[in-house]
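Here is what each chain is made of, one letter per residue.
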Amino acid sequence: MDKKVLDLSQVSRIVGDKKILSNISYTFLKNQIYTIIGPSGSGKSSLLRLLNRLDELSSGKIVYDDQNIDALSVCALRKKVGYLFQTPHLFEKTVRDNFLFVDDQISENRMTALLERVHLSTNMLESSVEKLSVGEKQRVAFARLLLTSPDVLLLDEPTSALDPSITESLENFIKEITSEENLTTIIVTHNPEQAMRFGQTGILIADGMIAESGNIKTLLENPQSDAGKRYKARELS
Ligand SMILES: Nc1ncnc2c1ncn2[C@@H]1O[C@H](COP(=O)(O)OP(=O)(O)OP(=O)(O)O)[C@@H](O)[C@H]1O
Ligand SMILES: [Mg+2]
């Protein structure tokens, strides 16, 4: 059995009188890619945000590596459970400055190795961030995320701001890095075709609950729940 990385039991999030997520129980394993799909407003981003405490849960428990995430400092948790925003959040100035911000002791070798890791030229270290393309920025943000050697990557619609021509290369890169670094990668996508390209495990969220989970292809082709059938009829027709 693969190692448990994140374990959710009976997790709910309520804001005011709105139940955003209800009774989510799920175990994420090491060296796996998970895609979270579901209608707009169903709670996909909310679920991802709970996992590194960008939002707080109202009830239930999330365990990371055998520790309740509430018992860890937010900073320690976020080094191990990294979050990549939909549009890259970089600081002004150079790529080097972005790396130094996260680790001011970082060596020259580590910086060039990270750039090579995300298939960017090592000359780019001195490049001004504002001159990079969106795809390059996304890769720099990725490299910066890898700087703390995370176990889990949380990616909220990571390709939605990208040109279709570079979407595929980022998808391949995500697959490569997950397997080579032995990560758990959890990707929210509004695109079922993309979820199928990632393969592996899918989770369909509807109305703040897990409607289906399992092999993504089986789940999309042969949904068991009413919410799953509705999603298929709407998205795959
Ligand atoms: N802080 C908040 N206060 C009140 N309502 C919220 C809050 N955060 C999220 N919501 C609501 O919770 C529901 C789920 O939002 P969420 O952003 O998780 O959906 P989503 O599945 O990611 O949607 P999309 O595909 O459009 O990104 C939505 O109805 C949203 O309006
Ligand atoms: Mg969202």
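Each remark here, short or long, concerns the structure printed above.
Bear in mind the structure is a predicted one, so any value in this text is a computation, not a measurement. (Residues numbered from 1 in each chain as written. Chains lettered and ligands numbered in written order. Predicted model: local features only at pLDDT ≥ 70, side-chain atom pairs only at ≥ 80, totals over all residues. Heavy atoms only, no water.)

### Description of the site of ligand 1
The test is simple: Here a residue counts as near a molecule or strand whenever at least one of its heavy atoms sits within 4 Å of it. Each polar contact in these results corresponds to two N or O atoms within 3.5 Å; when the atoms are within protein, one needs to be able to donate a hydrogen and the other to accept it, and residues that are neighboring in sequence are counted only if both atoms are side-chain atoms. Using a 1.4 Å probe, the Shrake-Rupley method yields the accessible areas, and only the shown protein chains count as cover for residues. Numbering of helices and strands runs from the N terminus; a helix is a DSSP stretch of H or I covering at least four residues, while a strand is a stretch of E covering at least two. As a working rule, the residues Ala, Val, Leu, Ile, Met, Phe, Trp, Tyr, Cys and Pro are called nonpolar, Asp, Glu, Lys and Arg charged, and the rest polar, with Gly in that last group.
Lining the immediate environment of ligand 1, one finds R13, V15, K18, I20, P39, S40, G41, S42, G43, K44, S45 and S46. G41 is positioned with one of its backbone polar atoms (N or O) 2.8 Å from an oxygen atom of ligand 1. Take K44: an N or O atom from its side chain is 2.7 Å from an oxygen atom of ligand 1. Taken by itself ligand 1 offers 650 Å² of open surface, and the protein chains cover 60% of this. Among the secondary structure elements, those contributing two or more residues to the shell around ligand 1 are strand 1 (4–15), strand 2 (18–29) and helix 1 (44–51). Top contributing element to the shell around ligand 1 by residue count: helix 1, with three residues. Classifying every residue of the shell around ligand 1 gives three nonpolar, six polar and three charged.

### Some points on the packing of aromatic side chains
Applicable threshold: Here the aromatic set is Phe, Tyr and Trp, taking the six-membered ring for Trp, and pairing holds for ring centres within 6.5 Å; pairs whose planes are under 30 degrees apart are stacked, those over 60 apart are edge-to-face, and all others are tilted. Think of it in three bands: residues with accessible area under 20% of the maximum for their type are buried, residues over 50% are exposed, and the middle band is partly exposed, with areas taken using a 1.4 Å probe on protein chains only.
Scanning all chains against the criterion turns up six aromatic pairs. With 5.0 Å between their ring centres and 80° between their planes, F142 and F173 make a pair best called edge-to-face. Pair noted here: F142 is in helix 5 (residues 134–146) and F173 is in helix 6 (residues 164–180), with a separation of 31 residues, a long-range link. Residue class for F142 comes out buried when judged on its relative accessible area of 0%. One aromatic cluster is present, formed by Y26, F28 and Y34 through successive ring pairs.

### Notes on the nonpolar core
The line we're drawing: Within this scheme, the nonpolar core is defined by two criteria: the residues are buried Ala, Val, Leu, Ile, Met, Phe, Trp, Tyr or Cys, and they are joined through side-chain atoms within 4.5 Å. Residues are treated as being in contact if the distance between any of their heavy atoms lies within 4.5 Å.
In terms of nonpolar packing, the biggest core is built from 32 residues, with V95, F99 and F142 touching the most fellow members. Elements with a contribution of two residues or more to this core: helix 3 (95–102), helix 4 (108–117), helix 5, strand 7 (152–156) and helix 6. With six residues, the single largest contributor to this core is helix 5. Excluding residues that lie within four positions of it along the chain, F142 makes contacts with L84, V118, L153, L155, L170, F173 and I174. Counting 29 residues, the second-largest nonpolar core is a separate cluster that includes I24, L48, L50 and I62.

### Some thoughts on the pattern of salt bridges
So the rule is basically this: Each salt bridge in this description consists of a side-chain nitrogen of Lys or Arg and a carboxyl oxygen of Asp or Glu lying within 4 Å of one another.
Applying the stated criterion across every chain yields a total of 13 salt bridges. For the salt bridge of D55 with R13, the shortest nitrogen-to-oxygen distance reads 3.7 Å. Of this pair, D55 sits in the loop between helix 1 and strand 4 (59–64) while R13 is found in strand 1, placing the two residues 42 residues apart along the sequence. The exposure class of D55 is buried, given its relative accessible area of 14%. With relative accessibility at 16%, the residue R13 sits in the buried group.

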